[in-house]
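A closer look at the structure
One-letter residues, chain by chain:
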Number of protein chains: 2
Amino acid sequence: MALAGKLLMGQQAIQGCRDMIYAINPASNERLEPGYAGGDQTHVEHACALAWEAFDAYRETSLEQRACFLEAIAEHIEAIGDVLIERAMAESGLPEARLQGERGRTCGQLRLFAQTVRAGEWLDVRIDPALPDRSPMPRADLRQRHIALGPVVVFGASNFPLAFSVAGGDTASALAAGCPVIVKAHSAHPGTSELVGRAIQAAVKQCRLPEGVFSLMFGSGREVGQALVTDPRIKAVGFTGSRRGGEALLKAAQARPEPIPVYAEMSAVNPVFPLPDALSSNATALGQAFIGSLNMGAGQFCTNPGLVVALKGADLDAFVASAAQAVQASGTQTMLTPGICEAYESGVSALIHHERATRIAQGQRSDWPNQCQTALFMASAEDFLADASLQHEVFGATSLIVACDDATQLQQVAEHLEGQLTATLLMTDEDLGSARALLPTLERKAGRILVNGWPTGVEVCDAMVHGGPFPATSDARTTSVGTAAIKRFLRPVCYQDLPDALLPEALKTENPLGLNRLVSGQRESVSG
Amino acid sequence: MALAGKLLMGQQAIQGCRDMIYAINPASNERLEPGYAGGDQTHVEHACALAWEAFDAYRETSLEQRACFLEAIAEHIEAIGDVLIERAMAESGLPEARLQGERGRTCGQLRLFAQTVRAGEWLDVRIDPALPDRSPMPRADLRQRHIALGPVVVFGASNFPLAFSVAGGDTASALAAGCPVIVKAHSAHPGTSELVGRAIQAAVKQCRLPEGVFSLMFGSGREVGQALVTDPRIKAVGFTGSRRGGEALLKAAQARPEPIPVYAEMSAVNPVFPLPDALSSNATALGQAFIGSLNMGAGQFCTNPGLVVALKGADLDAFVASAAQAVQASGTQTMLTPGICEAYESGVSALIHHERATRIAQGQRSDWPNQCQTALFMASAEDFLADASLQHEVFGATSLIVACDDATQLQQVAEHLEGQLTATLLMTDEDLGSARALLPTLERKAGRILVNGWPTGVEVCDAMVHGGPFPATSDARTTSVGTAAIKRFLRPVCYQDLPDALLPEALKTENPLGLNRLVSGQRESVSG
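Residues numbered from 1 in each chain as written. Chains lettered and ligands numbered in written order. Predicted model: local features only at pLDDT ≥ 70, side-chain atom pairs only at ≥ 80, totals over all residues. Heavy atoms only, no water.

**Re the overall build of chain A**
- Looking only at helices and strands, chain A features 14 helices and 23 strands.
- With respect to the principal axes defined by its C-alpha atoms, chain A has extents near 75 × 65 × 45 Å.
- In chain A, which comprises 528 residues, the share counted as buried stands at 63%.
- Here the contacts in chain A between residues at least 6 apart in sequence split such that 76% fall between residues at least 24 apart.
- Taken as two groups, the 42 positive and 57 negative side-chain charges of chain A have centres that lie 6 Å from each other. (Helix = DSSP H or I, 4+ residues; strand = E, 2+ residues; numbered from the N terminus. Buried < 20%, exposed > 50% of the residue type's maximum accessible area, 1.4 Å probe, protein only. Contact = heavy atoms within 4.5 Å. Lys, Arg positive; Asp, Glu negative; His and termini not counted. Charge placed at Lys NZ, Arg CZ, Asp CG, Glu CD.)

**Re the relation of the copies chain A and chain B**
- Overlaying chain A on chain B yields an RMSD of 0.0 Å, the required transformation being a rotation through 180° with an accompanying axial translation of 0.0 Å. Taken together, these values place the two copies in the relation of a two-fold axis. Of the C-alpha atoms belonging to chain A, the one lying closest to the rotation axis is found on A:Gln254, 4.0 Å away.
- With an isologous cut-off of 70% or more, the 99% of interface residues of chain A that recur at the interface of chain B puts this contact in the isologous class. (Least-squares fit on C-alpha atoms with pLDDT ≥ 70 in both.)

**Quick look at the nonpolar core**
- Grouped together as the largest cluster of nonpolar side chains are 165 residues, with contacts concentrated most on A:Phe69, B:Phe273, B:Phe319 and B:Leu425.
- At nine residues, helix H2 (residues 63-80) of chain A tops the list of elements feeding residues into this core.
- Each residue touching B:Leu425, except ones within four places of it in the same chain, is listed here: A:Leu502, B:Phe273, B:Leu275, B:Ala435, B:Leu438, B:Leu442, B:Leu450, B:Val451 and B:Asn452. (Core = buried A, V, L, I, M, F, W, Y, C linked by side-chain atoms within 4.5 Å.)

**Here we look at the sheet that holds strand S17 (residues 375-380) of chain A**
- A sheet is described by the order of its strands in space; here twelve strands give the open sequence S15(A)-S17(A)-S18(A)-S13(A)-S12(A)-S19(A)-S20(A)-S21(B)-S6(B)-S5(B)-S22(B)-S23(B), paired in mixed fashion. Each edge of the open sheet is held by one strand with a lone partner, namely strand S15 (358-362) of chain A together with strand S23 (522-523) of chain B.
- Looking at chain direction, S15(A) and S17(A) are connected through four bridges and run antiparallel. In the sheet register, A:Ala361 faces S17(A), and the bridge partner there is A:Leu376. (Pairing = 2+ DSSP bridges.)

**A few points about the side chain of B:Thr303**
All names here are of chain B.
- In this structure, threonine 303 sits in the loop between helix H9 (276-295) and strand S13 (307-311).
- Threonine 303 sits in the buried class, given a relative accessible area of 1%.
- At 3.1 Å, the side chain of threonine 303 forms a polar contact with the backbone oxygen of proline 455.
- Not counting chain neighbours up to four residues away, the residues in contact with threonine 303 comprise Asn270, Leu421, Thr422, Arg448, Pro455, Thr456, Gly457, Val458 and His466. (Polar contact = N/O pair within 3.5 Å; in protein donor to acceptor, adjacent residues only side chain to side chain.)

**Description of helix H4 (residues 96-119) of chain A**
- For H4(A), spanning 24 residues, the distance from its first C-alpha to its last is 35 Å, which sits close to the expected 34 Å at 1.5 Å a residue.
- One or two residues past the end of H4(A) sits A:Gly120, with phi positive at roughly 75°. (Expected span 1.5 Å × (residues − 1).)

**Notes on the pairing of strand S12 (residues 271-274) of chain B**
All names here are of chain B.
- Neither face of S12 is open: one carries Pro271 and Phe273, the other Val272 and Pro274, and all of them are buried.
- Inspection of the sheet shows S12 paired to S13 by two bridges, in the parallel sense. Within S13, the position partnered with valine 272 by the bridge is valine 308.
- What joins S12 to S13 is H9, and the crossover it makes is right-handed.
- Note: S12 against strand S19 (residues 420-426), three bridges, orientation parallel. Residue pairing across strands places phenylalanine 273 opposite leucine 425, the latter belonging to S19. (Right-handed = clockwise from strand over helix to strand, strands pointing away.)

**Some remarks on the packing of helix H3 (residues 82-92) of chain A against H4(A)**
All names here are of chain A.
- Viewed as axis vectors pointing N to C, H3 and H4 meet at an angle of 120°, and their least axial separation amounts to 10 Å. In terms of their interaxial angle, H3 and H4 are classed as oblique. Read as a crossing pair, H3 and H4 show a hand that is right-handed. Contact residues: Asp82, Leu84, Ile85, Ala88, Met89 and Ser92 in H3; Glu96, Leu99, Gln100 and Arg103 in H4.
- Of the residues in the contact of H3 with H4, the class split is five nonpolar, two polar and three charged. (Axes fitted to C-alpha atoms, helices over the stretch in contact; angles between N-to-C directions. Parallel < 35°, antiparallel > 145°, perpendicular 65-115°, else oblique. Left-handed = near helix turned anticlockwise from the far one by under 90°. Nonpolar A, V, L, I, M, F, W, Y, C, P; charged D, E, K, R; others polar.)

**Digging into the state of the cysteines**
- Scanning all chains against the criterion turns up zero disulfides over all chains.
- The thiol of B:Cys207 is unpaired, and the distance to the nearest cysteine sulfur, on B:Cys68, comes to 6.8 Å. (Disulfide = S-S within 2.5 Å.)

**Comments concerning the packing of aromatic side chains**
- Tallied over the full model, the rule gives 18 aromatic pairs over all chains.
- Residues B:Tyr58 and B:Phe69 carry aromatic rings whose centres are separated by 6.1 Å and whose planes lie at 85° to one another, so their mutual orientation is edge-to-face. Pair noted here: B:Tyr58 is in helix H1 (residues 41-59) and B:Phe69 is in helix H2 (residues 63-80), with a separation of eleven residues, a long-range link.
- Residue B:Phe69 is classed as buried on the basis of its relative accessible area, which comes to 0%.
- Among the aromatic residues, those joined into a cluster by ring pairs are A:Phe160, A:Phe164 and A:Phe301. (Phe/Tyr/Trp six-rings, centres within 6.5 Å; stacked < 30°, edge-to-face > 60°.)

**Overview of the interface of chain A and chain B**
- Contact residues are listed per partner, giving 73 residues for chain A and 72 residues for chain B.
- Summing both sides of the interface, chain A and chain B together bury roughly 5900 Å²; the carbon and sulfur share of this comes to 53%.
- Our count for the contact surface shared by chain A and chain B stands at 14 salt bridges.
- The tally of links from chain A across to chain B stands at 50 residue pairs in polar contact (both at pLDDT 80 or more).
- Elements with a minimum of two residues in the side of chain A that touches chain B: helix H1 (41-59), strand S5 (126-128), strand S6 (142-148), helix H8 (243-254), helix H14 (432-445), strand S20 (446-451) and strand S21 (490-496) of chain A.
- Each residue belonging to the side of chain A that touches chain B can be placed in one class, and the counts come to 39 nonpolar, nine polar and 25 charged.
- In this structure, S20(A) lies alongside strand S21 (residues 490-496) of chain B, joined through three bridges in parallel fashion. Paired with A:Arg448 across the strands is B:Cys494, a residue of S21(B). (Buried area = accessible area lost by both parts, 1.4 Å probe. Salt bridge = Lys/Arg side-chain N within 4 Å of Asp/Glu carboxyl O.)

**Digging into the UniProt feature "domain: Aldehyde dehydrogenase" (unreviewed entry) in chain A**
- Under the present numbering, the feature "domain: Aldehyde dehydrogenase" (unreviewed entry) in UniProt falls on residues 21-460 of chain A.
- Overall, residues 21-460 of chain A shows 45% helix and 20% strand. The separation of its end C-alpha atoms is 32 Å. (UniProt positions renumbered as here; feature names shortened; annotations may be inferred.)

**Description of the domain arrangement of chain A**
Residue and element names in this part refer to chain A.
- Split into domains, chain A comes out as domain 1 (8-23 + 32-266 + 478-488) and domain 2 (271-451).
- Between the C-alpha centres of domain 1 and domain 2 there is a distance of 33 Å.
- Here domain 1 packs against domain 2, burying approximately 900 Å² in sum over the two surfaces, 59% of which is carbon and sulfur.
- At the surface where domain 1 touches domain 2, the tally comes to one salt bridge.
- When grouped by side-chain class, the residues that make up the side of domain 1 that touches domain 2 number four nonpolar, five polar and four charged. (Domains from an automatic or database assignment.)

**Some words on the environment of B:Leu498**
- Note that B:Leu498 resides in the loop between S21 and strand S22 (518-519).
- Measuring from C-alpha to C-alpha, the distance between B:Leu498 and B:Ala140 comes to 9.9 Å, with 358 residues separating the pair along the chain.
- The contact partners of B:Leu498, leaving out residues within four places of it in the chain, are A:Leu439, A:Ile449, A:Leu450, A:Val451 and B:Leu503.

**Observations concerning helix H5 (residues 169-177) of chain A**
- Where burial is concerned, most of H5(A) is hidden: nine out of the nine residues are buried.
- Where H5(A) ends, the next residue or the one after it, A:Gly178, has phi of about 100°, a positive value.

**Thoughts on the packing of H1(B) against helix H7 (residues 223-230) of chain B**
Residue and element names in this part refer to chain B.
- Two numbers describe how H1 lies on H7: the axes approach to 9 Å, and their chain directions differ by 35°. Between H1 and H7 lies a crossing whose hand is right-handed. Contacts between H1 and H7 involve Gln41, Val44 and Cys48 from the former and Glu223, Val224, Ala227 and Leu228 from the latter.
- Across the contact of H1 with H7, the residue classes tally to five nonpolar, one polar and one charged.

**What about the sheet that holds strand S22 (residues 518-519) of chain A?**
- Strand order across the open sheet formed by twelve strands is S23(A)-S22(A)-S5(A)-S6(A)-S21(A)-S20(B)-S19(B)-S12(B)-S13(B)-S18(B)-S17(B)-S15(B), with mixed pairing between neighbours. Strand pairing shows two members of the sheet lacking a second neighbour, strand S23 (522-523) of chain A together with strand S15 (358-362) of chain B, which therefore form its edges.
- Running at roughly 150° to strand S20 (residues 446-451) of chain B, helix H14 (residues 432-445) of chain B makes contact with S6 and S21 of chain A together with S12, S19 and S20 of chain B of the sheet.

**What about unusual backbone geometry?**
- Here the residue pair A:Phe470 and A:Pro471 is connected by a cis peptide bond, since its omega of 0° sits within 30 degrees of zero.
- Mapped onto the elements of the fold, A:Pro471 is located in the loop between S20 and S21.
- For the peptide bond that leads from B:Ser135 to B:Pro136, omega is 5°, which places it in the cis range.
- Take B:Pro136: it is sitting in the loop between strand S5 (126-128) and strand S6 (142-148).

**As for the pattern of salt bridges**
All names here are of chain B.
- Scanning all chains against the criterion turns up 66 salt bridges over all chains.
- Put simply, glutamate 247 and arginine 243 hold a salt bridge, and the shortest N to O gap is 3.9 Å. Remark: arginine 243 and glutamate 247 occur in helix H8 (residues 243-254); sequence separation between them is four residues, near one turn of the helix.
- By relative accessible area, which is 25% here, arginine 243 ends up partly exposed.
- With a closest N to O distance of 2.8 Å, arginine 517 and glutamate 524 form a salt bridge.

Set out below in structure tokens:
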């Protein structure tokens, strides 16, 4: 399949009119063909009109229809074959195995959402039948279901060209909820975006859905993004990226005449707390494992362990020594884009020159372009508490170890943290007391709490929370990974005394969809 | 119980330091003793410190403990006896039977939330057990529950001095979720607020909860409200009131370093659509019933039918004539406050002088103070579409009938509406086609859709949605009435590979709480 370099508007491919966007192979700094001329406000207007036109029909497709659509997208992505992996490698510098895994995850995610759609629990059906004889007042018949919010804009992420981009978690969950989706492709991987966008386009056609269910926009600068977020037909936004980018979208969405929700996954340092007995029994292995996690994907995971907090002493020294050794042995890895590499280097340089941080070790260097050189720093808890900049994320394989005088100070550091995607305890049974003392703080700070694991690696399942208090995300009440992500794009509607002929299928008395429903406060038993 | 006129800070009663607030009996314009000196930033600081101190312990109280607490509040409110009804009557001008009903609803609501807390479905527990042998990668053990967001500020409403005030729906659902609550009392009914606040205080003491679980603040002007909403320890806001007030809180909450959710229920005209056959078969009775609903509580319900949209013709004429007759026969009713009455009169006067609106009828007048004179207006669909001000809410017993040329124009009017709490269809079986055509639009516009009823009267139950798209509320994804309101004050947390000894009860493998849990994608069968 030759790349066309065009915007995908419904079933059409349209030539843009703004500056050309070219992907750069970060491993070589070579420019990749074709160019993608950006869209303008007219294109945004067109895509939003198509999405709006599709909305009422798409949100009332049957659960089976919508599930089949999600499965068809997965099949069409798989059918692209090696071309997709090759293009994504060229555009991201990520290795083949990683991208194959990411493709598997992306398609698995679409199929999991298909199952979720079919099960229909997301409708959260509640029925309170009429009580005509209740005194002093009869009760009407009241039935609640959830419906889709409306057309959704998804901003592709730089660091997961498949799993958090055109057909990633935001798109899959919004489509599952019944929302048409307009994706603004990340300019770092337009070719990968086009390939996946064409797969969705083909699935829309195959499933005979209204064409406006999906469009794909390209655009450098902020014109396209701002126009999308402020269009009155757009009802929610999904974003994974920098704090500055997320906050700008949030502001634009809040300033609309009708404010809309923005689900921005932005910034986290994902603190790891090696507790005393774990450190004492396992310092060397933990130090090595830490750097293994830090180096994954050149540190370009949202859940990268960018902060370690522990008690001072010989055990921490051993952990640091082991980690330092692993850092020194770390080879370089290609970062996603020249811009990201530049930002990484400037972040590391700021830490090197930071009065309150000490450089512990740096990894190997290389003369290849856009290479991430692993780095490890250390600071006292006192200094960490005194300088908020020390907890800002440096996107890439760098981390800061904070040494605390005692448990009280360690607790202070934990309380001092901003919102996080994850918090990790490294512990033994002997550490249970310390873990219990920290847990309430960590629950308030993070969306996911791990024991004896590493935060990189986010499972797509029912129980996952990839979210957390601000600034980890803009909305702590949700997750952007896992089946609960569908809830972000829904709102409840109550139907009072509607005749059965007018009720949506999910709410009809005989339960034709076989849903798990709350009826008169009890779970309705479902046959089969 | 003598009223003390003090702020309730945890278990203490503290004298304020700002301007005195006095309730005014709107039926007589008499000032009611005692005065309530407003709080200042120091008091806010103190109440927030207490709430924060209470938070971790309160959110981990057992389901049974928290349910008993909610039930104890209901008992203590009932124990106040007639004094509460008498004071609320004096402060609101509302009749005795209405306030007795409202007290019943308030206590019933607390008991319903107690049941909801016990059932524990709001925890939305999801468990994906470890798959150590999965290839290519093993899966960790992942468990999700919901926890309380943090201390919540609730702003009491003017129009429901019990059900939407100190121990109203926002407070009940926030306490049920595990959030400490600080109520900012509405200045129209400080005495009622104190009585109910003391009941909650007594329940906190009886249940041996940390005192910071509840505080009650008074304050005129914006000092107290702004200080509460911007305090970093406050994590959500509940509000029922004007659009201007809600939008100001929203702005303040969004401008915080850590933005927080605001659940503001603000403004709606609750359109009613009498469809052709219903009008043709029943115009006179519908016209009368419409004015009956319009006049309820002097039109001071959030769900007051402030707009009727129908096709022109003899049937609509008959409906209008019947409604006009009912309006003319309507006696006056005392409004909640002199300020509300003034705003009502100026809103009605604006409609009287509005070029595009025609006065159809006005109700009887009276020389008593603060009386609501019912009013009914009419406009053409063309004029309604041309002037957005015609769909602004006038709080009180006034309504606008919009006459449409044909079904297409009626659909246009429906599409032109802002977000609403409710939308109502008056219909017969013959109208099913028209109803089906309108339904998708109404679902997008309103939180609750009624057939052959009137929107006033909001049942407290599982299926209720008292919410809707902006500006009906600031967050269409939720409801402020009914058991689903608890979801507003929760966020998900995922626990990965925690030893059973560290897991919260709700997530332990043996399911000690007997919860309805999603395990490996299936509903766990619960014994009993």
